[in-house]
Amino acid sequence: MNYAGPAHVPARMGLDLNPFRGLRYDPDRVGSLAAVTSPPYDVVVRPDGLLHLESADPHNIVRLILPQDSTPTARNQQAAETLHRWLSEGVLTTDTEPGLYVYEQRDGDGMLQRGIIGALRLSEPADGVVLPHEDVMPHVIADRAALMRATSANLEPLLLTYRGNGSRVGTAAVIERTAQHPPLLSTTTEDGFSHRLWAVTDPADLAEIQTDLGHHQALIADGHHRWATYLRLRAEHPSPSPWDYGLVLLVDTTRYPLRVRAIHRLLHRLPVADALATLTGSFRIRHLDVPLSEALDALAAAAADGNAFLLAGDGAFHLVDRPSPDLLARTIPGDHPEAWRTLDATVLHATLLEHVWGIPEDSPEHIAYIHDTAATVDKAERDGGTAVLMHPVREDVVRDLARQGVTMPRKSTSFGPKPASGLVLRALAR
């Protein structure tokens with residue numbers, strides 16, 4: 001969480017999104033397209049979720065993005081062999097011509113999101129083209145890099161956002177025109193989301209998109225570790241090479257605002273009673289004997305007035321708020337912008353994890369980062385640990401900090417809906 005003042009943003013070319021020949025499942029070779037998809041790798045955190053996906057179809061993409069074996073080397077080799085076999089057997093096929101891909105997601109509540117998938121030229125944060133907003137964990141980057149080296153593929157797209165200007169030409173116009181035609185594929189996954197995909201191959205459409213996106217910068221909404229992995233692998237391959245680009249989904253949040261949810265923490269080795277005992281006198285603590293939904297409502301109300309957290313794991317909920325100003329002054333770095341110093345994630349990591357509880361934030365033995373609220377609580381209750389439930393940060397706060405060159409604590413936000421993994425992949429030359 002180092003901070004060296006506002007980032008210097010040099011003159012930039014903007015986003016450079018390029019067509020590619022997508023790898024896609026042959027629908028005649030799999031049970032169903034829905035059965036071979038998966039959430040992004042870091043959302044599949046529960047063993048039962050992994051097993052459910054593996055059993056849904058023998059060709060589920062989770063066998064590539066989360067291969068299972070006794071050692072990391074064996075896992076990555078297994079993923080590479082599986083990908084090669086699926087290509088040889090025609091389970092995965094390569095589209096005949098390069099294109100960009102319009103991707104649409106809908107749910108039963110009226111949410112509609114459309115974006116464009118392509119191979120984006122990689123850039124460093126200092127270039128001011130693609131802005132990260134979260135810190136990353138080195139061991140996760142090493143893990144993802146080893147998998148990408150072994151498979152020589154981008155197996156799932158990152159989620160990036162940009163702010164369009166409402167023009168009737170450019171990327172948005174091409175997306176809307178394309179979505180009026182029959183799609184390449186259409187499926188509905190068990191979470192109720194429908195997914196449709198179209199290829200954009202017309203040279204005029206591709207040029208219109210590239211010209212438009214060349215005037216924009218993007219915010220990484222989901223996929224910080226994979227973006228950092230892209231950059232590491234680019235450095236390992238002499239340029240020019242396919243490793244100069246990475247697979248992304250770009251969404252114009254002026255037109256299609258994303259949902260922003262929190263990512264919760266599970267503290268494996270800290271019982272709730274011990275966690276609360278260390279907070280007495282430094283935070284206000286209220287015990288809530290209510291259902292999860294009502295506890296989350298109480299958290300939202302408290303978060304509107306300042307830092308607040310919901311602790312669980314002992315069969316009840318404990319609302320923790322109103323931290324001691326003296327404690328915050330002692331534990332939070334003063335050389336960061338106020339918007340960063342007052343984030344719940346900052347208080348959690350700098351004050352609670354580091355100074356009060358003494359928990360290393362990058363140790364899987366001590367802490368897990370889980371997107372699903374109920375799953376976090378259930379696992380804490382089963383394991384005797386502490387679930388720390390968070391309130392989400394607004395997208396405008398995230399974007400403003402990113403533009404200042406300020407990274408938030410790792411796993412601070414969960415933007416969505418996230419693209420389903422398995423609809424289109426990108427192979428790289430070996």
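Structure: see above.
In this report, we go over the structure that sits alongside the text. The shown structure was predicted, so the numbers you read here are calculated from the model rather than taken from an experiment.

Points about the pattern of salt bridges
Taken as a whole and assessed by the stated rule, the structure comprises 23 salt bridges. The shortest N-O distance in the salt bridge between Asp 42 and Lys 411 comes to 2.9 Å. One end of the pair, Asp 42, is in the loop between strand 2 (23-25) and helix 1 (47-56); the other, Lys 411, is in the loop between helix 14 (395-403) and strand 20 (414-416), with 369 residues separating them in the sequence. In this structure, Asp 42 and Lys 411 share a single accessibility class: buried. Of the charged contacts, one joins Asp 321 and Arg 286 as a salt bridge, the two residues approaching to 3.0 Å between their closest N and O atoms. A residue pair is termed long-range when its members are at least 10 positions apart, and Asp 321 in strand 17 (residues 317-321) and Arg 286 in strand 15 (residues 284-288) qualify at 35 residues. The class for Arg 286 is partly exposed, based on a relative accessible area of 32%. Each member of the salt-bridge network shares a partner with another, and the members are Glu 104, Arg 106, Arg 114, Glu 176, Arg 196 and Arg 255.

Comments concerning the packing of aromatic side chains
If you walk through the whole model with that rule in mind, you get 3 aromatic pairs. With centroids separated by 5.3 Å and ring planes inclined at 55°, the aromatic side chains of Phe 20 and Tyr 101 adopt a geometry described as tilted. Taken together, the residues span a long stretch of sequence, with Phe 20 in the loop between strand 1 (17-18) and strand 2 and Tyr 101 in strand 4 (residues 100-106) at a distance of 81 residues. When the ring of Trp 227 is compared with that of Tyr 230, the centres are 6.2 Å apart and the planes differ by 65°; the resulting orientation is edge-to-face. With Trp 227 and Tyr 230 both in helix 7 (residues 224-236), this residue pair falls 3 residues apart, about one helical turn. Like Tyr 230, Trp 227 is buried. Over the ring of Tyr 41 we find Arg 144; its NZ or CZ atom is 3.9 Å from the centre of that ring.

Description of the sheet that holds strand 18 (residues 367-370)
Taken in spatial order, the 6 strands line up as 15-17-16-19-14-18 in an open sheet, and their pairing is antiparallel. Each end of this open sheet is capped by a strand with a single partner; those strands are strand 15 and strand 18. Averaged over all adjacent pairs, the angle separating strand axes in this sheet is 25°, with direction ignored. Summarising the sheet, strand 15 and strand 17 pair through 5 bridges and their orientation is antiparallel. Within strand 17, the position partnered with His 287 by the bridge is His 318. The strands touched by helix 12 (residues 344-357) within the sheet are strand 14 (264-267), strand 16 (308-312), strand 18 and strand 19 (386-389), with strand 16 carrying the most contacts at an inclination of about 55°.

Quick look at the pairing of strand 8 (residues 158-162)
Summarising burial for strand 8: 5 of the 5 residues are buried, a large majority. In strand 8, alternate side chains face the same way, and those of Leu 158, Leu 160 and Tyr 162 on one face and Leu 159 and Thr 161 on the other are all buried. Here 5 bridges tie strand 8 to strand 12 (residues 245-252), and the two strands are oriented parallel to one another. The residue bridging Thr 161 from the neighbouring strand is Val 251, located in strand 12.

Quick word on the nonpolar core
Among the nonpolar cores identified, the biggest contains 115 residues, and Trp 227, Leu 250 and Trp 357 are the most heavily contacted of them. Per-element tally for this core: the top contributor is helix 12, with 7 residues. Other than its neighbours up to four places away in sequence, Trp 357 contacts Leu 267, Leu 270, Ala 275, Thr 278, Leu 279, Leu 311, Leu 348, Leu 352 and Val 388. Counting 18 residues, the second largest nonpolar core, distinct from the first, contains Leu 299, Ala 303, Leu 310 and Val 377.

Description of a negative patch on the surface
Taken together, the side chains of Asp 314, Asp 372, Asp 378 and Glu 381 present a region of like negative charge at the surface. As for its position among the elements, Asp 372 is in the loop between strand 18 and helix 13 (373-383). Residue Asp 372 is classed as partly exposed on the basis of its relative accessible area of 41%.

So, the side chain of Arg 144
Along the chain, Arg 144 turns up in helix 4 (residues 138-151). Setting aside residues no more than four positions away along its own chain, Arg 144 makes contact with Tyr 41, Ile 65, Leu 66, Glu 156, Arg 226 and Thr 229.

A short note on helix 3 (residues 72-89)
The first and last C-alpha atoms of helix 3 sit 26 Å apart over 18 residues, in line with the 26 Å expected at 1.5 Å per residue. Burial in helix 3 covers these residues: Asn 76, Ala 79, Ala 80, Thr 82, Leu 83 and Trp 86. One side of helix 3 holds all its buried residues, which, seen down the axis, span an arc of 160°. Across helix 3 from its buried face, at more than 90 degrees, point the exposed residues Thr 73, His 84 and Ser 88. On its buried face, helix 3 is in contact with strand 2, helix 2 (62-65), strand 3 (92-94), helix 4 and strand 7 (153-154). Looking at the residues trailing helix 3, positive phi occurs at Gly 90, about 80°.

Brief notes about the environment of Ala 402
If you trace the backbone, Ala 402 turns up in helix 14. Separated by 66 residues in the primary sequence, Ala 402 and His 336 have C-alpha atoms spaced 13 Å apart. Look past the residues within four positions of Ala 402 in its chain and what remains in contact with it is Leu 131, Pro 132, His 133 and Leu 219.

Calculation criteria
- Residues numbered from 1 in each chain as written.
- Predicted model: local features only at pLDDT ≥ 70, side-chain atom pairs only at ≥ 80, totals over all residues.
- Heavy atoms only, no water.
- Salt bridge = Lys/Arg side-chain N within 4 Å of Asp/Glu carboxyl O.
- Helix = DSSP H or I, 4+ residues; strand = E, 2+ residues; numbered from the N terminus.
- Buried < 20%, exposed > 50% of the residue type's maximum accessible area, 1.4 Å probe, protein only.
- Phe/Tyr/Trp six-rings, centres within 6.5 Å; stacked < 30°, edge-to-face > 60°.
- Lys NZ or Arg CZ within 6 Å of the ring centre and 35° of its normal.
- Pairing = 2+ DSSP bridges.
- Axes fitted to C-alpha atoms, helices over the stretch in contact; angles between N-to-C directions.
- Contact = heavy atoms within 4.5 Å.
- Core = buried A, V, L, I, M, F, W, Y, C linked by side-chain atoms within 4.5 Å.
- Patch = residues over 30% accessible without salt bridge, like charges linked within 9 Å, V, L, I, M, F, W, Y side chains within 5 Å.
- Areas by Shrake-Rupley, 256 points an atom, 1.4 Å probe, with all protein chains shown as cover.
- Lys, Arg positive; Asp, Glu negative; His and termini not counted.
- Charge placed at Lys NZ, Arg CZ, Asp CG, Glu CD.
- Expected span 1.5 Å × (residues − 1).
- Arc of directions from axis to C-beta.

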